[in-house]
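Chain residues, written in single-letter form:
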Amino acid sequence: YVADAGNGRIVVLQAATTFDRLTLTPLYAIDGLSDPNGIAWSDGGTPFQPDDDVLFVTDTGRNRVAAYALGGSSARLVATLGSLGSGPDHFAGPLAVTVGREAGASTHDVYVADAHTRRLVHLSYAAGRLAWAGDAPSGADAIVSLAADEWGNVYAAAPQQDAICKFNARLEPVAELHEGQHPRS
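Calculation criteria
Residues numbered from 1 in each chain as written. Predicted model: local features only at pLDDT ≥ 70, side-chain atom pairs only at ≥ 80, totals over all residues. Heavy atoms only, no water. Helix = DSSP H or I, 4+ residues; strand = E, 2+ residues; numbered from the N terminus. Rg over C-alpha atoms; globule rule 2.2 N^0.38 Å. Buried < 20%, exposed > 50% of the residue type's maximum accessible area, 1.4 Å probe, protein only. Contact = heavy atoms within 4.5 Å. Areas by Shrake-Rupley, 256 points an atom, 1.4 Å probe, with all protein chains shown as cover. Lys, Arg positive; Asp, Glu negative; His and termini not counted. Charge placed at Lys NZ, Arg CZ, Asp CG, Glu CD. Salt bridge = Lys/Arg side-chain N within 4 Å of Asp/Glu carboxyl O. Pairing = 2+ DSSP bridges. Axes fitted to C-alpha atoms, helices over the stretch in contact; angles between N-to-C directions. Core = buried A, V, L, I, M, F, W, Y, C linked by side-chain atoms within 4.5 Å.

J.: How should the overall build of the protein chain be read in this particular structure?
T.: Along the protein chain, the regular secondary structure elements total zero helices and 15 strands. The globule rule puts the C-alpha radius of gyration for 185 residues at 16 Å, and the 16 Å found for the protein chain is close to it. For the protein chain, the residues scored as buried account for 43% of the 185 residues in total. Put simply, of all contacts in the protein chain between residues at least 6 apart along the chain, 39% involve residues at least 24 apart. Surface accessibility of the protein chain: about 9500 Å² in total, with carbon and sulfur atoms responsible for 50%. Computing the positive centroid from 12 side-chain charges and the negative centroid from 21, the protein chain places the two 5 Å apart.

J.: Would you take a moment to explain the pattern of salt bridges for this structure?
T.: Any two side chains of opposite charge can pair, so long as their charged atoms come close to each other. Counted according to the given criterion, the structure contains eight salt bridges. In this structure, arginine 101 engages aspartate 43 in a salt bridge whose closest nitrogen and oxygen atoms are separated by 3.9 Å. In this pair, arginine 101 is assigned in strand β8 (residues 94–102) and aspartate 43 in the loop between β4 (36–42) and β5 (54–59), connecting sequence segments 58 residues apart. What makes arginine 101 partly exposed here is its relative accessible area of 25%. For aspartate 43, a relative accessible area of 3% puts it in the buried group. Salt-bridge contacts for arginine 118 lead to aspartate 141; the nearest nitrogen and oxygen are separated by 3.3 Å. Of the two residues, arginine 118 is situated in the loop between β9 (105–114) and β10 (119–126) and aspartate 141 in the loop between β11 (129–137) and β12 (145–148); the sequence distance between them amounts to 23 residues. Connected via shared salt-bridge partners are Asp59, Arg62 and Arg64.

J.: I tried to follow the sheet that holds strand β6 (residues 64–70) on my own but got confused; where do I start?
T.: The strands making up a sheet associate through hydrogen bonds between their backbones, and the pairing can be parallel or antiparallel. Taken together, the four strands give an open sheet; going across it, the order is β4-β5-β6-β7, and neighbouring strands pair in antiparallel fashion. Two strands lie at the open edges of the sheet, namely β4 and β7 (75–81), each paired on one side alone. Ignoring which end each strand starts from, the neighbouring axes of this sheet average 25° apart. Two strands pair when backbone bridges link them, and β4 and β5 are joined in this way by five bridges, in the antiparallel orientation. Within β5, the position partnered with alanine 40 by the bridge is phenylalanine 56.

J.: Which parts of the structure should I look at to understand the nonpolar core?
T.: Counting residues in each nonpolar core, the largest one holds 17 residues, and the members touching the most others are Phe56, Val112, Leu123, Tyr125 and Leu130. Listing elements by their share of this core, those giving two or more residues are β5, β6, β7, β8, β9, β10 and β11. For this core, the leading source of residues is β10, giving three residues. Dropping the residues within four chain positions of it, phenylalanine 56 is found in contact with Gly38, Ile39, Ala40, Ser42, Ala66, Ala67, Val97, Val99, Val110, Tyr125 and Leu130. The next biggest cluster of nonpolar side chains, apart from the first, holds 15 residues, and it includes Ala140, Leu146, Cys165 and Leu171.

Purely spatial values, then, with no claim about function.
Right under this line is the structure:
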């Protein structure tokens, strides 16, 4: 899954390896987005069962997060959450997104970095709906990338602060690493 922000779409590619070669074949595109920046794939908590896979996209130009049910040849929009603002159910420049993890599988947790409000947002995805679960200050000017580990911790790349920040699943700060390299992901 590749966010093609300039063309307002997500390009879905299939990877295949043959000996020493990697081939990427375009399968389809998810069109109709406005400046998509971040994407996160969820296995729905059941790895290798594609019928519950979901792709979460930060539809930055619309200040929302979109969820797509994934199929072999297309994706179907199943939920959105957000509009311009700074309170619950609102975003102001969502840039990055990741899915919570536990014991090697995705959870129903979705984490979003909202640039202009300088916060991390915790969403829950269940029964085809996105719901606001809370938010916390990020302590960074802009978080450009998020990732989660198998214990549910969330990692944020904050290039303007020269930091990688670690939060627990409740978005409480745990640690920061400052290396002066402007980390991007």
